[in-house]
Amino acid sequence: MTGPKLVSILRQGSWLIASIHTALDDTQMLMFQHDLIDQIGRYRSRGVVIDVAALDVLDSFGARTLRTIAEMARLRGAETVIVGIQPDVAFAMVSLGMDTGTVPTALDLEEGLEYLGRPGGARSARHGRAAG
Amino acid sequence: MRDEPRPHDDVAALIPMLRRVIGARVDDAATADDLVQETLVRVLAAAARVEPGMLEPYAIVTARNVVASLWREQDRHRRNRHRVVDLDLPDSPDQDLLASEERTAVAEALARLTDRERATLLAHEVSGQDTRSLAAEQGSTAGAVAAQLNRTRARLRVEYLLVRENVEPPTERCRPVLLALSGGDRRRQREVDAGRHLLECDVCAQLSQPLMERAQPRDDEVRIPISTDADIVAARQAARELAARLGFARTELTIIATAVSEVTRNIVRFAGTGEVVVELVDRPRRGVQVTARDTGPGIPDVEKALADGYSTYNGLGLGLPGARRLMDEFAVVSEMGRGTTVTMTKWCGER
């Protein structure tokens, strides 16, 4: 793909931080899903933060894709948290009759990382396994 | 007592020296010769006034001045050269032919008008008769005549295009649509559903290009052809941008963009291609109106499609019902085999 990167997926220890930098069309969204799931396996990640602050809208397709990513990540042993849903996007989602299902959300990246690091969260799960 | 030819002799004696002085400054031999001649003429004319013995310095100064004038002249030419460049391209060989075809097409188009239309148009455009006196002749008003002239011009444009492209409109709906487009009459365009017809009829889609280009570019309307995923993003961003001009709050802009995203996705998923038109309306209130139309298979059961949870592509089934919830006005017209048109409006300000 040419031009500036649409998304970036950074590895931070056993976590992945995936940031969407611009409005994505459906194909790009699916590509993002594919890349992210791929990297969860490659880096044996236990937690994923998806930052959607730059998305202009989260319509039914966008929301469904995020839910799919979270469910696929869960099946691969990683916990997902979605951060950065803008207030207007949140309002539109509610009006549309749509939510992120059981996928946990947090206000921003910091809160998202804190969520993953909570007792019983992704990190402690890894520690638990390391200990056991 | 002086003998007459003396100054001339003196002057003639200066020639070799002048050649040297000027030759040192001017490369071109012919030009140098000209300048020597010119200097001699000036020196001769002044010889009587110049003190004896001063003729040589006078000649040298004159020569330098003449050279300096030449340089100034050349400099001015150089500076102004671009002004005399002839930018008109030479006539191309086929120009005559094209011009004659053009004349034939116009004549043929004129012949297709009714006698009265033609007479009025020619009286106004060719003879320069004003609308008021035309109205007096016809027992009508100036405004009515002007409106009639506008309609005639619109017809003339359509007929001209048909003659030039040498096509007959394939359906009986074509001509009214083209006329509405040519006249730029938006109400009429809606009445004949011009947008849908252009999606369906390739002939009209092509013919309408010059007619649309002619129409005053409207800055309160955007038309986005839809065929790929990326167009969904383009459509919702265009809608957001246009709506932002009405002073919608950010939340409402996102709502509009989300609704556009949903209906546009339906075009890509089910019809393949179509178009989204976003326009600002001010009646009955200010708002933004989105029309998404396609020529796809149509929706078998609109009621069912508008019910929550109905999904044919494994979505959330929120497409149409969701968009309906997001917007203030929402209408779906679908005809099996002909396509679907979704019209939705968001009013600005109080709800």
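Everything that follows concerns the structure shown earlier in this document.
Report on the accompanying structure.

Rules and cut-offs
- The numbering scheme is per chain: residues are counted from 1 as the chain's sequence reads.
- Lettering of chains starts at A and numbering of ligands starts at 1, both following the order in which they are written.
- Local features in this predicted model are restricted to residues of pLDDT 70 or higher, and side-chain atom pairs are both shown and tallied only at a pLDDT of 80 or more, whereas totals for entire chains, interfaces and linings draw on every residue.
- The side-chain figures draw on all heavy atoms in the structure; neither hydrogens nor water molecules are used.
- Nonpolar core, defined: a set of buried Ala, Val, Leu, Ile, Met, Phe, Trp, Tyr and Cys residues in which side-chain atoms within 4.5 Å join the residues together.
- Relative accessibility under 20% of the residue-type maximum defines a buried residue, over 50% an exposed one, and the middle range a partly exposed one, all with a 1.4 Å probe and only protein chains included.
- Pairs of residues are marked as contacts when any of their non-hydrogen atoms sit within 4.5 Å.
- Take the accessible area each of two parts loses on contact, using a 1.4 Å probe, and add the two losses: that sum is the buried area.
- A carboxyl oxygen of Asp or Glu within 4 Å of a side-chain nitrogen of Lys or Arg is what we treat as a salt bridge.
- Strands here are runs of E lasting at least two residues and helices are runs of H or I lasting at least four, both read from the DSSP assignment and numbered beginning at the N terminus.
- Polar here means any residue outside two lists: the nonpolar Ala, Val, Leu, Ile, Met, Phe, Trp, Tyr, Cys and Pro, and the charged Asp, Glu, Lys and Arg; Gly therefore counts as polar.
- Pairing between strands is defined by DSSP: at least two bridges between the two strands are required.
- Throughout, an axis means a line fitted to C-alpha atoms (over the contacting stretch in the case of helices), and angles, computed between N-to-C directions, take values from 0 to 180 degrees.
- Handedness rule for crossovers: strands pointing away from the viewer, path from the first strand over the helix to the second running clockwise, crossover right-handed.
- For classification purposes, angles smaller than 35 degrees are called roughly parallel, those larger than 145 roughly antiparallel, those between 65 and 115 roughly perpendicular, and all remaining angles oblique.
- Crossing handedness: left-handed means the near helix sits turned counterclockwise from the far one by under a right angle, and right-handed means the same turn made clockwise.

## Topic: the nonpolar core
Soluble globular proteins tend to bury their nonpolar side chains together. Phe32(A), Leu36(A), Ile50(A), Phe330(B) and Met344(B) are the most contacted members of the largest nonpolar core, which totals 66 residues. Once residues within four sequence positions are removed from consideration, Phe330(B) is found in contact with Val263(B), Leu306(B), Leu320(B), Ala323(B), Arg324(B), Val342(B), Thr343(B) and Met344(B). By size, the runner-up hydrophobic cluster in this structure holds 21 residues, among which are Met17(B), Leu18(B), Leu40(B) and Ala63(B).

## Section: the interface of chain A and chain B
Across the contact, 22 residues belong to chain A and 25 residues belong to chain B. When chain A packs against chain B, close to 2,000 Å² is buried across both sides, 54% of that on carbon and sulfur atoms. Looking only at chain A, the three residues that lose the most surface to chain B are Arg64(A), Asp88(A) and Leu96(A), adding up to 27% of its buried area. For the pair chain A and chain B, the number of links is six salt bridges. Asp59(A) is the partner of Arg265(B) in a salt bridge, and the nearest nitrogen-oxygen pair spans 2.9 Å. Elements represented by at least two residues in the side of chain A that touches chain B include exactly helix H1 (26-42), helix H2 (60-75) and helix H3 (87-96) of chain A. In terms of residue class, the side of chain A that touches chain B is built from ten nonpolar, five polar and seven charged.

## Some points on the sheet that holds strand E1 (residues 221-226) of chain B
All names here are of chain B. As summarised here, the arrangement of the five strands in space is E1-E2-E3-E5-E4, forming an open sheet in which the pairing is antiparallel. Whereas interior strands pair on both sides, the edge strands pair on one side only; in this sheet they are E1 and strand E4 (329-335). Between one strand axis and the next, the sheet turns by 10° as a mean value, whatever way the strands run. Sheet analysis places strand E3 (residues 287-294) next to strand E5 (residues 339-347), joined by seven bridges and oriented antiparallel. Considered in E5, the bridge of Thr291 is made with Thr343.

## Structural notes on the pairing of strand E3 (residues 47-51) of chain A
One face of the sheet, then the other: side chains in a regular strand alternate in exactly this way. All names here are of chain A. Taking burial as the measure, the five residues of E3 include five buried ones, the bulk of the element. With burial as the criterion, each face of E3 is covered, one bearing Gly47, Val49 and Asp51 and the other bearing Val48 and Ile50. Of the strand pairs in this sheet, strand E2 (residues 15-20) and E3 are connected by five bridges, and their pairing is parallel. Paired with Ser19 across the two strands is Asp51, which belongs to E3. On the question of chirality, the crossover connecting E2 to the parallel E3 by way of H1 is right-handed. When E3 meets strand E4 (residues 79-83), the two strands line up parallel, connected through five bridges.

## What to know about the packing of helix H2 (residues 29-46) of chain B against helix H3 (residues 55-80) of chain B
Residues and elements named next belong to chain B. Viewed as axis vectors pointing N to C, H2 and H3 meet at an angle of 130°, and their least axial separation amounts to 9 Å. Of the possible angle classes, the one that applies to H2 and H3 is oblique. In this structure, H2 meets H3 at a crossing whose hand is right-handed. Contacts from Thr31, Leu35, Glu38, Thr39, Arg42, Val43 and Ala46 of H2 reach H3 at Leu55, Tyr58, Ala59, Thr62, Ala63, Val66, Val67 and Leu70. Residues of the contact of H2 with H3, tallied by class, amount to ten nonpolar, three polar and two charged.

## Some words on the sheet that holds E4(A)
All names here are of chain A. With mixed pairing, the five strands of this open sheet are ordered in space as E1-E2-E3-E4-E5. At either end of the open sheet lies a strand with only one pairing partner, and these are strand E1 (7-12) and strand E5 (105-106). As paired elements, E1 and E2 share six bridges and run antiparallel to each other. Note that in E2 the partner of Ile9 across the bridge is Ala18. Packing of H1 onto the sheet brings it into contact with E1, E2 and E3, and relative to E2 it is tilted by some 165°. Sheet strands in contact with helix H4 (residues 109-117) are E2, E3, E4 and E5, and its direction is about 160° off that of E4.

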